[in-house]
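Here is how the chains run, residue by residue.
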Amino acid sequence: MAGPLSGWKQKIVASAGALGAPGLFLISFLDSSVLTFPVINDLLLIELSMEHPLRMPLYAFLAALGSVLGCVLLYFLARKGGEAFFHRKAGKRASAIRHWVEKNGFIGMLITALLPPPTPFKIFVFAAGVFEVPLWSFTVAVSLARAIRYFGIGYLAIRYGNDALPFLKEHKLEAAVVIVLFVLISYLISRVILRHRPPEAEPSD
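Residues numbered from 1 in each chain as written. Predicted model: local features only at pLDDT ≥ 70, side-chain atom pairs only at ≥ 80, totals over all residues. Heavy atoms only, no water.

1. Regarding the overall build of the chain
Part 1 of the reasoning: Scanning the chain from N- to C-terminus turns up nine helices and zero strands.
Part 2 of the reasoning: Along the chain, from the amino end to the carboxyl end, the secondary structure elements read α-α-α-α-α-α-α-α-α.
Part 3 of the reasoning: The buried share of the chain, taken over its 205 residues, is 40%.
Part 4 of the reasoning: A separation threshold of at least 6 residues defines the contact pool for the chain, and within that pool the share at least 24 residues apart is 77%.
Part 5 of the reasoning: Here the chain displays about 11900 Å² of accessible surface, and carbon together with sulfur accounts for 68% of that area. (Helix = DSSP H or I, 4+ residues; strand = E, 2+ residues; numbered from the N terminus. Buried < 20%, exposed > 50% of the residue type's maximum accessible area, 1.4 Å probe, protein only. Contact = heavy atoms within 4.5 Å. Areas by Shrake-Rupley, 256 points an atom, 1.4 Å probe, with all protein chains shown as cover.)

See the structure below:
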């Protein structure tokens, strides 16, 4: 399950997997804050939910809670880091991200939190802290998005479980079309969000 992760990250993932529900919380927290574990928390949630279907709501809740708390930590770190650090991290996308965050607030954070990679969600979290999106609005948006994601994944895990692979094999074309459309729509939305916007001109005296 660790895949291409570096050695020390693989150890963290292995330890988290052995811990079960607390490990899922830990991985979700770290992934949303100071480290990155691509899709590991999703896979761990699926694995645990398939092993113990009745505990799925607990697993989904802990995954969502860990992720939200990790995002809140990153939000406060961003407030300490300041705008200069944000611009260094965001690069040429900085003005577009700032515009999106300041203009759209709650809905903007909800949409970006729901989008899959390659949308760089962490930089939006950082922007929310730097440009002072209200904490309650930020937290509610991320919480809603994470609840949709993890409870949705948990439901699919217990609904299909080991039958998922045979189902996909029988419906290859339909599955491929749905995946392609999902990726295409997500990509187009991310391009709209991240398209370059020149900084607004300073008002003349």
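2. Remarks on helix α4 (residues 56-90)
One turn of an α-helix holds 3.6 residues; hence residues three or four places apart share an orientation.
Part 1 of the reasoning: An ideal rise of 1.5 Å per residue puts 51 Å on 35 residues; α4 reaches only 36 Å between its terminal C-alpha atoms.
Part 2 of the reasoning: Approximately 105° is the largest bend angle found in α4, and it occurs at Gly82.
Part 3 of the reasoning: At the C-terminal side of α4, Gly91 shows a positive phi close to 65°. (Expected span 1.5 Å × (residues − 1). Bend = angle between axes of the 7 residues up to and from the residue.)

3. As for the nonpolar core
Part 1 of the reasoning: In terms of nonpolar packing, the biggest core is built from 29 residues, with Phe86, Ile97, Met109, Phe121, Phe124 and Phe138 touching the most fellow members.
Part 2 of the reasoning: Of all the elements in the fold, those that place two or more residues in this core are α4, α5 (94-114), α6 (121-130) and α7 (135-160).
Part 3 of the reasoning: Setting aside chain neighbours within four positions, we find Met109 in contact with Val101, Phe121, Phe124, Val125, Ala128, Phe138 and Ala141.
Part 4 of the reasoning: Counting 13 residues, the second largest nonpolar core, distinct from the first, contains Leu24, Leu45, Leu62 and Ala64. (Core = buried A, V, L, I, M, F, W, Y, C linked by side-chain atoms within 4.5 Å.)

4. Points about the packing of α4 against α6
Part 1 of the reasoning: At a minimum axis separation of 6 Å, α4 and α6 run at an interaxial angle of 95°. Classified by the angle their axes make, α4 and α6 are roughly perpendicular. For the pair α4 and α6, contact is made by Cys71, Leu74, Tyr75, Leu77, Ala78, Arg79, Gly82, Glu83, Phe85, Phe86, Lys89 and Ala90 and by Phe121, Lys122, Ile123, Val125, Phe126, Ala127, Ala128, Gly129 and Val130, respectively.
Part 2 of the reasoning: Looking at the contact of α4 with α6 residue by residue, the classes come out as 15 nonpolar, two polar and four charged. (Axes fitted to C-alpha atoms, helices over the stretch in contact; angles between N-to-C directions. Parallel < 35°, antiparallel > 145°, perpendicular 65-115°, else oblique. Nonpolar A, V, L, I, M, F, W, Y, C, P; charged D, E, K, R; others polar.)

5. Here we look at a nonpolar patch on the surface
Part 1 of the reasoning: The grouping of Leu58, Phe61, Leu65, Leu69 and Phe151 at the surface amounts to a nonpolar patch, some 410 Å² of accessible area in total.
Part 2 of the reasoning: A per-element tally of the nonpolar patch places α4 first, with four residues.
Part 3 of the reasoning: Take Leu69: it is sitting in helix α4. (Patch = residues over 30% accessible without salt bridge, like charges linked within 9 Å, V, L, I, M, F, W, Y side chains within 5 Å. Salt bridge = Lys/Arg side-chain N within 4 Å of Asp/Glu carboxyl O.)

6. Description of the packing of aromatic side chains
Part 1 of the reasoning: Considering all chains together, one arrives at three aromatic pairs under this definition.
Part 2 of the reasoning: Each ring, one from Tyr75 and one from Phe76, has its centre 5.4 Å from the other, and the planes form 85°; the classification is edge-to-face.
Part 3 of the reasoning: Looking at Phe76, the relative accessible area reads 39%, which means it is partly exposed.
Part 4 of the reasoning: Ring centres 5.1 Å apart and planes at 90° place the aromatic pair Phe86 and Phe131 in the edge-to-face group. You can see Phe86 sitting in helix α4 and its partner Phe131 sitting in the loop between α6 and α7, a full 45 residues away along the chain. Side by side, Phe86 and Phe131 carry an identical accessibility label, which is buried.
Part 5 of the reasoning: An aromatic cluster of three or more residues is present, and its members are Tyr75, Phe76 and Phe138.
Part 6 of the reasoning: Seen from the ring of Tyr160, Arg159 lies directly overhead, with NZ or CZ sitting 4.9 Å from the centre. (Phe/Tyr/Trp six-rings, centres within 6.5 Å; stacked < 30°, edge-to-face > 60°. Lys NZ or Arg CZ within 6 Å of the ring centre and 35° of its normal.)

7. Considerations on the packing of helix α3 (residues 40-51) against α7
Part 1 of the reasoning: It is at 9 Å that the axes of α3 and α7 come closest, and there the two elements cross at 45°. Relative to α7, α3 is oriented oblique. Regarding α3 and α7, the two cross each other, and that crossing is right-handed. Touching Asn41, Asp42, Leu45, Ile46, Ser49 and Met50 of α3 are Arg149, Tyr150, Ile153, Gly154, Ala157 and Ile158, all from α7.
Part 2 of the reasoning: Class assignment for the residues of the contact of α3 with α7 results in seven nonpolar, three polar and two charged. (Left-handed = near helix turned anticlockwise from the far one by under 90°.)

8. Points about the side chain of Ser67
Part 1 of the reasoning: Within the fold, Ser67 resides in helix α4.
Part 2 of the reasoning: Looking at Ser67, the relative accessible area reads 0%, which means it is buried.
Part 3 of the reasoning: Apart from residues no more than four positions distant in its own chain, Ser67 is found in contact with Ser28, Phe29, Ser32, Arg146 and Tyr150.

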